[in-house]
Amino acid sequence: LCVATKFNYRHLKSPVIYGAIVAVTLAALIVILVPGFSAIRNGAGRWLQIGPVQFQPSELAKVAVIVLTAVMLTHRSERIGSF
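Residues numbered from 1 in each chain as written. Predicted model: local features only at pLDDT ≥ 70, side-chain atom pairs only at ≥ 80, totals over all residues. Heavy atoms only, no water.

Caption draft 1: How the structure looks around the sheet that holds strand β1 (residues 38-41). One open sheet holds the three strands; their spatial order is β1-β2-β3, and the pairing between them is antiparallel. Bordering the open sheet on either side are β1 and β3 (53-55), each of which pairs with just one other strand. Averaged over neighbouring strand pairs, the angle between their axes works out to 45 degrees when direction is ignored. In this sheet, β3 lies alongside strand β2 (residues 44-50) in antiparallel orientation, the contact comprising three bridges. Opposite Leu48, over in β3, you have Phe55 as the bridge partner. Taken strand by strand, helix α2 (residues 15-33) contacts β1 and β2, and its axis lies near 120 degrees from that of β2. (Pairing = 2+ DSSP bridges. Helix = DSSP H or I, 4+ residues; strand = E, 2+ residues; numbered from the N terminus. Axes fitted to C-alpha atoms, helices over the stretch in contact; angles between N-to-C directions. Contact = heavy atoms within 4.5 Å.)

What follows is the structure, encoded as structure tokens:
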């Protein structure tokens, strides 16, 4: 949260930035499906372990979906009012 307060969110409009977020998220979600790459915790093999850090790529995917939706709505703001 402290890092997020220092980050300028206007940089997320750049296609390079949100494209990278989506690409990293998809890559992490695909890596879980490859046998031997996922760490098993409590019987679930949905974790990735990078050094001492373990995380679930689905959490990263939630953030990526929010960012991508916000960028898409920003780019199509003139059409939001029309059905």
